[in-house]
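# Coordinate analysis (summary)
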Amino acid sequence: MEQGFDVDAMIERFRERAAAVRQRGLPPVEGTERQRILRRMQLDFQDFAMVGDAEGHLENGVLTLRVDLRPKPEGGGEGEGEGDRGEGETGGTGGGQGGPTVSPDPGATAPG
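A brief report on the enclosed structure follows. What you see is a predicted model; the values in this text were computed from it and never measured.

Along its length, the protein chain carries 3 helices and 2 strands. A burial count over the protein chain gives 26% of its 112 residues as buried. For the protein chain, contacts bridging at least 24 residues in sequence account for 66% of all contacts bridging at least 6. Surface accessibility of the protein chain: about 7,400 Å² in total, with carbon and sulfur atoms responsible for 49%.

The subject of this paragraph is the nonpolar core. Counting 8 residues, the largest nonpolar core consists of Ala 18, Val 21, Leu 26, Ile 37, Leu 38, Met 41, Phe 45 and Ala 49. Put simply, the parts of the chain that give this core at least two residues each are helix 1 (7–23) and helix 2 (31–52). Of all the elements, helix 2 adds the most residues to this core, at 5 residues. One finds Val 7, Met 10, Phe 14 and Val 51 within the second-largest nonpolar core, a separate group that totals 5 residues.

What counts, and where the lines are drawn
Sequence order sets the numbering: in each chain, residues are counted from 1 along the sequence as written. Per-residue local features of the predicted model are confined to residues with pLDDT of at least 70, and side-chain atom pairs are confined, for both listing and counting, to 80 or more; whole-chain, interface and lining totals are unaffected and use all residues. The side-chain values count all of the structure's non-hydrogen atoms but skip hydrogen atoms and water molecules. Numbering of helices and strands runs from the N terminus, with a helix taken as a DSSP run of H or I at least four residues long and a strand as a DSSP run of E at least two residues long. Throughout, exposure labels follow a simple rule: accessible area from a 1.4 Å probe, protein chains only, divided by the maximum for the residue type, with under 20% read as buried, over 50% as exposed, and the rest as partly exposed. Should any heavy atoms of two residues lie within 4.5 Å, those residues are considered in contact. Computed with a 1.4 Å probe, the accessible areas rest on the Shrake-Rupley method; for each residue, only the protein chains presented here act as cover. In these notes, a set of buried Ala, Val, Leu, Ile, Met, Phe, Trp, Tyr and Cys residues joined through side-chain atoms within 4.5 Å is what counts as a nonpolar core.

Written as structure tokens, this is what we have:
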């Protein structure tokens with residue numbers, strides 16, 4: 001499987017999934033069901049964004065994903081030092097050092 005498996009393409013698909021969760025609309029539900037759906041969306045985004053921000057490699061049939069979950073340094077600092085993978089190129093789900101931003105904007109997905 002190692003020969004036909006593209007780790008970077010898999011990671012890109014997870015970035016796309018994270019972006020899709022952020023853009024997903026909410027069905028017309030209220031109350032506890034709405035809260036359950038929002039929570040599921042937050043968890044889906046978090047999971048997809050973390051894998052989408054991973055650095056991965058496949059060696060001897062073992063896929064290794066490395067995800068930096070440290071908080072971003074205060075005052076920005078993006079684009080500096082090792083670990084910057086240019087998240088601006090793909091729309092970014094957090095990217096580079098500091099890990100992903102883990103909550104979608106429910107106000108943007110919920111009808112007014």
